[in-house]
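Summary of structural features
So the chains spell out like this:
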Amino acid sequence: MKTSRFHLVTRKETPADAEIVSHQLMLRAGLINKLGAGLYTWTPLGLKVLRKVEKIVREEMDKTGALEMLMPAVQPAELWQETGRWEQFGGQLLKITDRAGRDYCFGPTHEEVITDFARKEIKSHKQLPVNFYQIQTKFRDEIRPRFGVMRAREFLMKDAYSFHIDEASLKQTYQDMHDAYCRIFERIGLKYRAVDADSGAIGGSGSQEFHVIADSGEDAIAYSDSSDYAANIEKAEALPPATPRPAPTEPLKCVDTPGAKSIDEVAQALDVEKDRVLKTLLVEGEDGPVALVVRGDHDLNEIKADHLPAVKSPLRFLTPDEVKACAGCAPGSVGVAGLNARIIADHSAANMADFVTGANEDGKHLTGVNWERDAHYDETADIRNVVEGDPSPDGSGQLKFARGIEVGHIFQLGDKYSKAMNAVVLDENGKSVPMKMGCYGIGVSRIVGAAIEQNHDDKGIIWPTAIAPFQVMILPMNLHKSERVKATAHQLYEDLQKAGVDVLLDDRKIRPGAMFADAELLGIPWQVIVGDRSLDKGEVELKSRKNLQSQNLPLDSVVSFLLQQTTSTP
RNA sequence: CGGGGUAUAGCGCAGUCUGGUAGCGCAACUGCUUUGGGAGCAGUGGGUCGGCGGUUCGAAUCCGUCUACCCCGACCA
């Protein structure tokens, strides 16, 4: 492609309403153009990137034997009413009405449509297993779209849905999808982690999210520094301490702590570290109040606590009045000694000795408290958030924290949708059984933003070669003045094209400085600089966008060098 | 949905308080000069000042109202 025949519009200035760097660079490089909140036009340049991502996704899906199809974006309300999601999905569902007053939605996802398709077309276990996918525009009416294509309302997604006769088959395809996703992100050239996710309200037995690691990510993830283990911070398991509880050394004492309510205030008033203070939180239980206790430097994990049988779900903290009725004091002075509630201690809290706790009397705390001697817990459990430095739950290494951008998820759905929509097949015994389902999504357009978020510098984008809009850009210095530069640039352009390299020739009549600035903003992996200076020696200059280092190469070896570079590195 | 903010040329902004015929920089177009890191000079085009209504001799400016967009929060298969 030549710039003179391409639509290339770049900007020096950053549009005011773009917050994060990927959004700013996408606008400046002219990959997207905003139409409305969360609505973007993909320009010819942007679409080239999007299509390259799409192609990799499609190739890897096809390799697993998944079958591509295309479902309607507009879906009848009846289908969503069958699964109860017409109401349940809430405001994110864009509802529309046709001229006859019939209700539809613009699909935010396609479980209903595919399940309807499957119940009509799949009747026998012999047709199973099967995995359908599509790459299609989705619409979710986000409460707050932001960050450009990272959280847009209309976006491009690859969604796949698999159908199975039993759990074992589902698990096999789930694993195949996991492996395919790893290959996809590796081919694109992104640093990523597969992260255990909470299966939450949907049920099912397994779910993993794929996160691209970037500081601007909206999700916090914990990962092991020496294994593949990674999980959402809220989901990561906190192991019990490996060392036994120390023996008591201090006597129990009651001290005045006027005005000290929070852990910080108590620790400061008594001049102890926060990990010596016990945090006692009273919540509603199935059978009277329950006290959840964690170490002062730890945070309660409400999801873990909510799952405890003794705790009433959904988790609710007692009001100050209820705390007063239960413990006889305000929330800031509640303690475990003599407390009339079921006490559930976090593993780390249960391992404390000579600790500080509220005295169940306003303005007073107990010091030198020890389990068994002074107080008792009814059970121990994992009810806290992990912190950096905790041992990894898989037994290998320590946990570190990072921020991630969720670009994919895979899910074992089980029979949630097939049961609700009566999608059944006859098994080997001629018995009618609901199919097992899995679903697997990749945010195709989000990957473009995430890739920039992970690969840029102060000059612009640094595309991984696999998804760069062009692999090579030819920058002729003053081509309108030098016939030799012009002829060489065009010859190189033709040779590279013939060799199958995706090349852009900048034949605009602009000064070298502007040309360099644009090339760096656009982030094309290799620049070939053609100028009289190096042509005198029969050479051209090659510059890598990654490190901005340049080298001179004889004219006749440029094509083979670039061919090798663009096919070997991601 | 709660809180805050903004809306003036393609982009970034001034002008609004104190009403008087709309400006700056970048970008675009033309010409001349310049040419290895976003050139200089001269000239040109482009604006329902977000919409509607009101006050006024006169409204970008004051009042009312609606809309759009952005930020923080809650929400998020």
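Structure's up top.
Residues numbered from 1 in each chain as written. Chains lettered and ligands numbered in written order. Predicted model: local features only at pLDDT ≥ 70, side-chain atom pairs only at ≥ 80, totals over all residues. Heavy atoms only, no water.

1. Describing the overall build of chain A
Scanning chain A for helices and strands turns up 16 helices and 30 strands. When the backbone C-alpha atoms are referred to their principal axes, chain A occupies close to 95 × 65 × 45 Å. For chain A, the residues scored as buried account for 51% of the 570 residues in total. Sequence-distant contacts in chain A: of pairs separated by 6 or more residues, those separated by 24 or more amount to 69%. Each charge sign in chain A was given a centre, from 68 positive and 84 negative side chains, and these centres are 7 Å apart. (Helix = DSSP H or I, 4+ residues; strand = E, 2+ residues; numbered from the N terminus. Buried < 20%, exposed > 50% of the residue type's maximum accessible area, 1.4 Å probe, protein only. Contact = heavy atoms within 4.5 Å. Lys, Arg positive; Asp, Glu negative; His and termini not counted. Charge placed at Lys NZ, Arg CZ, Asp CG, Glu CD.)

2. Considering the protein's contact with RNA strand B
Taken together, 39 residues sit near RNA strand B, with R140, R144, N478, E520 and K543 positioned nearest. Taken together, the sugar and phosphate atoms account for 47% of what RNA strand B places within 4 Å of the protein. In this structure, a sugar or linking oxygen belonging to RNA strand B sits 3.0 Å away from a side-chain N or O atom of K34. Note that a sugar or linking oxygen of RNA strand B is positioned 2.6 Å from one of the side-chain N or O atoms of R533. No other element matches the seven residues that helix 14 (residues 512–522) contributes to the surface near RNA strand B. Classifying every residue of the surface near RNA strand B by side-chain character gives 13 nonpolar, eight polar and 18 charged. (Near = heavy atom within 4 Å. Polar contact = N/O pair within 3.5 Å; in protein donor to acceptor, adjacent residues only side chain to side chain. Nonpolar A, V, L, I, M, F, W, Y, C, P; charged D, E, K, R; others polar.)

3. What about the sheet that holds strand 16 (residues 342–346)?
With respect to topology, four strands assemble into an open sheet ordered 14-15-16-19, the strand pairing being mixed. Either end of the sheet is taken by a strand with one partner, and the two such strands are strand 14 (278–285) and strand 19 (379–381). Each strand axis lies, on average, 30° off the axis of its neighbour in the sheet, ignoring direction. As paired strands, strand 16 and strand 19 are joined by three bridges and run parallel to one another. The partner of D346 across the bridge, within strand 19, is A381. (Pairing = 2+ DSSP bridges. Axes fitted to C-alpha atoms, helices over the stretch in contact; angles between N-to-C directions.)

4. Observations concerning the side chain of N131
Positionally, N131 belongs in strand 7 (residues 130–139). Discounting chain neighbours no more than four positions away, the residues touching N131 are A66, L67, A160, Y161, S162, T173, M177 and Y440.

5. Things to note about the pairing of strand 15 (residues 288–295)
As paired elements, strand 14 and strand 15 share eight bridges and run antiparallel to each other. Note on strand 15: the bridge partner recorded for L281 is L292. Between strand 14 and strand 15, which pair antiparallel and follow one another directly, the connecting turn spans two residues. Pairing geometry for strand 15 and strand 16, over four bridges, is parallel. Following the sheet pairing, V290 is matched in strand 16 by R342.

6. A look at the packing of helix 2 (residues 44–63) against helix 6 (residues 167–188)
Helix 6 packs onto helix 2 with a crossing angle of 150° between their chain directions and a minimal axis gap of 9 Å. In terms of orientation, helix 2 and helix 6 fall into the roughly antiparallel class. Considering how the two elements wind past one another, helix 2 and helix 6 form a crossing that is right-handed. Of the residues in helix 6, those in contact with V53, I56, V57, E59, E60, M61 and K63 of helix 2 are M177, A180, R183, I184, R187 and I188. (Parallel < 35°, antiparallel > 145°, perpendicular 65-115°, else oblique. Left-handed = near helix turned anticlockwise from the far one by under 90°.)

7. Quick look at unusual backbone geometry
In this structure, P129 follows L128 across a cis peptide bond, with omega equal to -5°. Examined against the element boundaries, P129 turns out to sit in the loop between helix 5 (111–121) and strand 7. Positive phi is not limited to glycine here, since N360 has a value of about 55°. In this structure N360 comes out as buried when scored by relative accessible area, which is 15%. For N422, which is not glycine, the phi dihedral falls at a positive 55°. Here N422 is to be found in the loop between helix 11 (416–420) and strand 21 (424–426).

8. Description of the environment of H7
By the secondary structure assignment, H7 is in the segment before helix 1 (21–28). Given a relative accessible area of 47%, H7 falls into the partly exposed group. Considered as a pair, H7 and S418 are 411 residues apart in the sequence and their alpha carbons are 47 Å apart.

9. Re the packing of aromatic side chains
Enumeration according to the criterion identifies 13 aromatic pairs in this entry. When the ring of F106 is compared with that of F139, the centres are 6.0 Å apart and the planes differ by 65°; the resulting orientation is edge-to-face. Of this pair, F106 sits in strand 6 (residues 103–106) while F139 sits in strand 7, and the two are 33 residues apart along the sequence. Take F139: its relative accessible area is 7%, and that puts it in the buried class. (Phe/Tyr/Trp six-rings, centres within 6.5 Å; stacked < 30°, edge-to-face > 60°.)

10. So, the nonpolar core
Counting residues in each nonpolar core, the largest one holds 66 residues, and the members touching the most others are L31, F185 and W463. Among the elements that line this core, the one with the most residues is helix 6, at eight residues. Excluding its chain neighbours within four sequence positions, the residues that come into contact with L31 are M26, T41, W42, T43, L45, G46, V49, I452, I461 and W463. Among the nonpolar cores identified, the runner-up in size contains 27 residues, and M69, M71, Y417 and M435 belong to it. (Core = buried A, V, L, I, M, F, W, Y, C linked by side-chain atoms within 4.5 Å.)

11. A closer look at the sheet that holds strand 4 (residues 74–76)
Read across the open sheet, the three strands follow the order 4-6-5; overall the sheet is antiparallel. Of all the strands in the sheet, the pair left with one neighbour each is strand 4 and strand 5 (94–97). Strand-to-strand twist in this sheet, taken as the mean axis angle between neighbours without regard to direction, amounts to 40°. The pairing of strand 5 with strand 6 spans four bridges and is classified as antiparallel. Paired with T97 across the two strands is D103, which belongs to strand 6.

12. Quick look at the pattern of salt bridges
All told, the structure shown has 45 salt bridges when counted by the stated rule. We note a salt bridge from R316 to E284, for which the minimum N-O separation is 2.9 Å. Highlighted residues: R316 in the loop between helix 8 (302–306) and helix 9 (320–327) and E284 in strand 14, separated in sequence by 32 residues. Given a relative accessible area of 31%, R316 falls into the partly exposed group. Through salt bridges that share partners, K55, E59, E60, K63, R183 and R187 make up one connected network. (Salt bridge = Lys/Arg side-chain N within 4 Å of Asp/Glu carboxyl O.)

These figures capture arrangement, not role.
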